Amino acid sequence: MYTATDNIRADASRAGSSKKQAVQQRLITLEPEQAEWFSQSPPTDLWGMGQDILELEQHVPAEITVRNRLPDPSSVHWHGMRVPNNMDGASGLTQQAIEPGSSHTYRFTPRDAGTYWAHSHHNTYEQLARGLYLPLIVEESTPYPVDHDHLLVLDDWRVNSTGQLDLESLGSMHEWTHGGRMGNLLTVNREITPRLQVEAGSRTRLRILNAANSRIMTLELNGLQSWIIAKDGQPLTKPLKTNGSLTIAPAERYDLIVDIPADWQGEQPIYETSSKTQLTGAFWQVIPGNERSAVRQDPQSLPANPVPVLQGKQPDQQAQLLMTGGAMGGMRSAVYRNTRMSAQKLSVNKQAWAFNGVANLPDTPLLSARSGETVEIEIINDTRWPHGMHLHGHHFQQHGSDRYEAGIWHDTVLMEKNEKLTIRFQAGEPGKWLLHCHMIEHQAAGMATWIEVTA
Ligand code: C2O
Ligand code: CU
């Protein structure tokens, strides 16, 4: 089981009472924390949010106070949550950063149950690399029938020879123009090879999140029978059997159902194979089961969230997004802050990528749509690198990529080099919504734009 903090336990009283609390209140403290990763060196200094997980109830208004006890300004983005625009946490676009020593309260009602995450959206390339994120679970009102519910939050840290985070290499232009910052230490749930306890023959819901800055992770489930029941928080209409291996771009989430074989025992590895070497991310710690019958029904689907249905609707607004730049991309110039610049001048400004010829946020949106209109954006990856594209405040369906089944909802999609796909969604809450690459170094170096939704 994932651990609930006192903060969450304090709320347990509501569970028993038939009368729902009017507001679910939470407190998040952005603060330094330490990880005991290496027996040979002192604890590693990280930044964190003061707890392991944030749990919210669907449809109940939430009031989340964020206290900043870090030396730097920050903000919190509720990745994948459909919140009012001024609660989106995108510093510089939807709010001012929260200064050190002060706090900020976010108010929204979780519309969708599922697996989400909260993370810093201010100097994200640095703050995410330091660990400033938190998995966020919105519980279904009727619990899904499983024996266990485990989190698997993958991260990729870069530590130096003294066991501390390598902060000197933050901002490396070489990395920003290539695949982004890659780490040298894999953790799961911020631990090195944690044990997930399960009984032989039991069924587990596994909530997987890739919290790395830029590493695309590949999980190998070691022959386990598994089904995808949700992607980026949103249930699949029908559980989809996996072949035991799962590629996950930064910020993507998968909810899986896995059945632990009745004859398993002891420790069984879960591998991560994105690098040349096969790494062990975590272990199943299999304890004897109660001789459950080996015959199980296939898992049922989760109840759908109230995401607007798009079937058959012609788009009201369309746009094209051409992604260019990066190493070997041959981009000669782009507009940055309203000025056309040569690649060399862009590089001085730490810019290396462009959307439709513009590096970083343009003054005018990629498109403007009225709330409720159907929007279609064709995204063309004309670079030599894969990218994980994320749209704030909305879930979309895609076509054009065969990586994903048709009809699945996403807030983030992985695109291979030279790949092209089209996303489709209904414009939601009015405001300014970011559309950016979630390889955070690419975002910082230019891969960001925004759309406008009007009332
Ligand atoms: Cu996960 Cu712009 O964010
Ligand atoms: Cu990218």
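Residues numbered from 1 in each chain as written. Chains lettered and ligands numbered in written order. Predicted model: local features only at pLDDT ≥ 70, side-chain atom pairs only at ≥ 80, totals over all residues. Heavy atoms only, no water.

## What to know about the overall build of the chain
Broken down by element type, the chain carries six helices and 31 strands. A compact globule built from 455 residues would reach a C-alpha radius of gyration of about 23 Å, and the chain, at 21 Å, matches this within 12%. With the principal axes as the frame, the chain shows a C-alpha extent of 70 × 55 × 45 Å. Sequence separation of at least 24 residues holds for 77% of the intrachain contacts in the chain that already meet a minimum separation of 6. When the accessible surface of the chain is split by element, carbon and sulfur atoms take 47% of a total near 18800 Å². (Helix = DSSP H or I, 4+ residues; strand = E, 2+ residues; numbered from the N terminus. Rg over C-alpha atoms; globule rule 2.2 N^0.38 Å. Contact = heavy atoms within 4.5 Å. Areas by Shrake-Rupley, 256 points an atom, 1.4 Å probe, with all protein chains shown as cover.)

## Structural notes on the coordination of the copper ion (ligand 2)
Reference values for angles at a metal are 109.5 degrees in the four-donor tetrahedral case and 90 or 180 degrees in the six-donor octahedral case. The protein atoms that coordinate the copper ion (ligand 2) are His387 (ND1), Cys437 (SG) and His442 (ND1), at distances of 2.0 to 2.1 Å. For Cys437, a relative accessible area of 0% gives the class buried. (Donors = N, O, S within 2.8 Å, 3.2 Å for Na, K, Ca; no water. Buried < 20%, exposed > 50% of the residue type's maximum accessible area, 1.4 Å probe, protein only.)

## Remarks on the pattern of salt bridges
Considering all chains together, one arrives at 19 salt bridges under this definition. With a closest N to O distance of 3.1 Å, Arg190 and Glu33 form a salt bridge. Of the two residues, Arg190 is situated in the loop between β10 (185-188) and β11 (195-199) and Glu33 in strand β1 (residues 24-35); the sequence distance between them amounts to 157 residues. Note on Arg190: relative accessible area 18%, which makes it buried. Each of Glu140, Asp149, Arg205, Arg207 and Asp255 takes part in a single network of salt bridges with overlapping partners. (Salt bridge = Lys/Arg side-chain N within 4 Å of Asp/Glu carboxyl O.)

## Focus: the nonpolar core
Counting residues in each nonpolar core, the largest one holds 65 residues, and the members touching the most others are Leu152, Ile208, Trp284, Ile377, Ile379, Met389 and Ile451. For this core, the two domains that each supply at least three residues are domain 2 (148-287) and domain 3 (317-454). Within the second largest apolar cluster, 25 residues are counted, among which are Ile28, Met49, Val76 and Leu132. (Core = buried A, V, L, I, M, F, W, Y, C linked by side-chain atoms within 4.5 Å. Domains from an automatic or database assignment.)

## Some words on the domain arrangement of the chain
Domain parsing of the chain yields domain 1 (8-139), domain 2 (148-287) and domain 3 (317-454). When each unit is reduced to the centre of its C-alpha atoms, the spacing between domain 1 and domain 2 is 21 Å. On the side of domain 2, 31 residues touch domain 1, which itself brings 30 residues to the contact. A combined buried area of about 2500 Å² lies between domain 1 and domain 2, and 60% of that area is made up of carbon and sulfur atoms. By the criterion of area lost to domain 2, the three top residues of domain 1 are Trp37, Thr115 and Tyr133, representing 29% of everything that side buries. At the junction of domain 1 with domain 2, the criterion picks out one salt bridge. The interface formed by domain 1 and domain 2 contains 15 residue pairs in polar contact (both at pLDDT 80 or more). (Buried area = accessible area lost by both parts, 1.4 Å probe. Polar contact = N/O pair within 3.5 Å; in protein donor to acceptor, adjacent residues only side chain to side chain.)

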